[in-house]
Structures are given as structure tokens and as C-alpha cells.
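# Coordinate inspection notes
What follows is the residue order along each chain.
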Amino acid sequence: MSSSVSDRTSTDGLPTVRPADLAQARDTMRDAARAGHRVLVRGAGTAQSWGAPVEPVDVVVDTTGLDRLVAYNPADMTVAVGAGMAMADLQDRLEGQRVALDAARIPAGATVGGLLATGDGGPLRASYGTLRDLVIGVTVVLADGTVARSGGHVIKNVAGYDLTKLFAGSLGSFGLVVEVVLRVHPRPEASRTLAVPCPVTEAVRAAGVVLSSPLEPVAVDWHDDRLLVRFEGTTAGAVARADKARELLGSGEVLGGDTEEAAWSGLAALVRGEEGQTVLRAGTRPDQLPEFAGLLGTLAERHGVSAALTAGVGVGVTTVALTGGSPAGHGAVLDGWRARVLAAGGSVTVHRAAEGTFEVAPAWGPAPATAPLLRSIKQRLDADHRLAPGRFAPWF
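Residues numbered from 1 in each chain as written. Predicted model: local features only at pLDDT ≥ 70, side-chain atom pairs only at ≥ 80, totals over all residues. Heavy atoms only, no water.

Here we take up the pattern of salt bridges. Taken as a whole, this structure holds 15 salt bridges when the rule is applied. The partner of Asp120 in a salt bridge is Arg105, with the nearest N and O atoms 3.0 Å apart. Taken together, the positions of Asp120 in the loop between helix H3 (112-117) and helix H4 (125-128) and Arg105 in the loop between strand E6 (97-98) and H3 put the pair 15 residues apart, joining distant regions of the chain. Looking at Asp120, the relative accessible area reads 2%, which means it is buried. When its relative accessible area of 7% is taken as the criterion, Arg105 is described as buried. Each member of the salt-bridge network shares a partner with another, and the members are Arg98, Asp102, Arg230 and Glu232. (Salt bridge = Lys/Arg side-chain N within 4 Å of Asp/Glu carboxyl O. Helix = DSSP H or I, 4+ residues; strand = E, 2+ residues; numbered from the N terminus. Buried < 20%, exposed > 50% of the residue type's maximum accessible area, 1.4 Å probe, protein only.)

Together, Glu274, Glu275, Glu355 and Glu359 line one region of the surface with negative charge. Tracing the chain through its elements places Glu359 in the loop between strand E18 (347-352) and helix H11 (371-381). Assessed through its relative accessible area of 74%, Glu359 is described here as exposed. (Patch = residues over 30% accessible without salt bridge, like charges linked within 9 Å, V, L, I, M, F, W, Y side chains within 5 Å. Areas by Shrake-Rupley, 256 points an atom, 1.4 Å probe, with all protein chains shown as cover. Lys, Arg positive; Asp, Glu negative; His and termini not counted. Charge placed at Lys NZ, Arg CZ, Asp CG, Glu CD.)

The next subject is the sheet that holds strand E4 (residues 69-73). Read across the sheet, 5 strands follow the order E4-E5-E9-E7-E8 without closing on themselves; strand pairing throughout is antiparallel. The two strands at the open ends of the sheet, each matched to only one other strand, are E4 and strand E8 (147-151). On average, each strand axis in the sheet is tilted by 10 degrees relative to the strand beside it, whichever way the strands run. Both strand E7 (residues 135-141) and strand E9 (residues 176-183) contribute to a ladder of 6 bridges, which runs antiparallel. In the strand pairing of E9, Val135 is matched with Leu182. Its contacts with the sheet place helix H1 (residues 22-35) against E7, E8 and E9, and it is angled at close to 45 degrees to E7. (Pairing = 2+ DSSP bridges. Axes fitted to C-alpha atoms, helices over the stretch in contact; angles between N-to-C directions. Contact = heavy atoms within 4.5 Å.)

Coordinates in, geometry out; function isn't part of it.
Here it is in C-alpha cells:
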């Protein structure tokens, strides 16, 4: 008997299987295939609200039992872990090293596999990319129980299908991620952040000045009417480069310690969002940020909704949080803003929607040019469409 995932962040009451190793994960998927069960793959549940609501499923596969540290080679700067390990726990177990990822969901318990399946990243993406850019090997189980591997435990080019890129952002629609091999980097001794009060229009120009200099910031984001430019390295190096950036831009305050932590924590809180909000993430050209920020303000005022925006200025990743107003207002802003972003060649993903928003605006916009390819891949990997049914509806 099927159960509906009516609450998009909860799977309470659904039959749940929690495999602890690859063999159990393979058997779980095979059993589901033989029974014709529809499956929802779930880690810590921090991104269950991403995309379209999942249709009724028969079983939940809970990945948090796949939490083993498989191999850690500090000299090779690689680590292999079960996909269900929380990223925060993994970071605590690395010796003077880190996975260079600071996605906003990590403090909430996001798992390694979940971060890969969502293609998530944080401000450090400006220097290190998202998690997919740090993966050198991955093991997955497909819908029929087939085990597939890509890459390995060493950093080198490999032949065959690139499962990492295929599964990054798939939201559990292509298979179950079981094990991930990651590249790690030295943990910096210190960081400093230059905070420059400025409107978003000025932020783009100022970011260009810093990014074209030899100062090499690791993150450049605009949040809460300030441009935040982070430097990492030795204490003396981070301080010196932040001071030089302030001289270059002619203003700003160098933050360290609690004040620096508060600045980036505030940004992460906006990205995570909260109950009752609608949260969108867009990818655009960096120089389009002022145009889309202005459009957002106009649409929000017209439809009686409060809007906040933060953006990775150097990489063109923008997060929008809508608060207050009505579901119709949220839907109207979503529809209008997304249409303009898509028309300009960008992309928009809904991370969270206030109740009733999808009755006004669909979770996904018009199908992209890559939709036929995505449908073909889905058909190849999950011909019966049993994994996360409806997550990408109506594209597939």
C-alpha cells in the first residue's frame, strides 16, 4: 500500500529500510525492483523540499546507516566515506585537513551523499566548486539493484561514464549513492573577511576589482547590504590580504573571530530558509545580478511579499527568500522572476515553497533544452520511474 509524502520535509509513517553497507543497499534496491515499489532515497532530510513534491512512494531508503569512514589517506589527500555520513562529522575526523565545502545545510546534518545528490555548495564554491568538483570516485546502486562505480581512490583521469556529474543535482531520481571518495585540502590556519557596505550594483564592480587583483579571495558574496570578501591562509597572510583589499576598495571593515562567523552564519541562514518561506536558487551571469535584484524588489512590492537576496558575486549563484504575503504572492514573484532569469539563459531551482505556492506556480519552469537528454537518462537508469517519482515533474 502506497503512502504519500504530503509533508515534503517528513517521511514519518512510511516503511523505511536503513542499509548499513553496499550489499544491503544493493539487496534493498533489488527487493524494491522485484516488488515494483516506488522509492524515496533520504539522508538527513535537509533537502527533501527541493524541486517538485514527490508523489506517493512505497518505501523510504534511509542512507544514514551508510556512515562508515572507509579509508583516509592524509598523505594522498583523499578520503572514502559512506554516503550517509554527515559532512560535519567527516570534517571533525580529518587531521589538519578539510573537505572544502561550506554549504548552508552542513550544520543541520546534511550527509555527503545528500550534498552530492543536490549539487550543493556554499561561498567556497568560488574557489573549490561544489561537492561534485571534489569527488574523485563514487559507488551507486541503480533502480534495478545494479552496482556501478566511477573513478577511484587516487586523483587521476579515468575512463567511462562520469557518474559523479550525472548524479550531482539528480535529487535521488537516478539511483542511490552509497560511497564517495573525496579530495581533501589543508585546513587554513586563519581567515579574515573584508566587509564593505554597498548596494548590489556597487558590489559587482567592487568584486571585479578584488577578483582581478593578485589577492586571491576564497569567497566573494553580497549579503545584507555588504560585500563580504574572505581570505584564508596563515594568520599573517589572511590579515595582510584583507588589509590590502580594503586599501584597494577604499573602505570596509576587516572582520575576524565572532564577527566574521556571524556575517557568514547570517548568509547561511538565509540560504537555508525556514518554514513559511519560499526559497529559490538561481544561476546567472555575475554581471546580471543588479538587474535581477532590481526586478525582485519590483515584483515583491507589487505582490505584497518581502524579499531578501544573497549572491555569490564572482560565480553568479543567487539565493532568494520570500516572506509574508499570500501563497498567490509567492507564486507570482516566483513565476515572474524565474521567467526573466530563464529568458536570460539562467536556471532556477525551488528549495523551499510556502504552503499553497505550487497551486499558483509550478515547481519547475519551462523544460530546458536538455530535457530530452534527461528523459533518456531517466529511462535508461529507472525505466519504471520508481525513484523519487514526480521530483522533476513535468520534465520527467
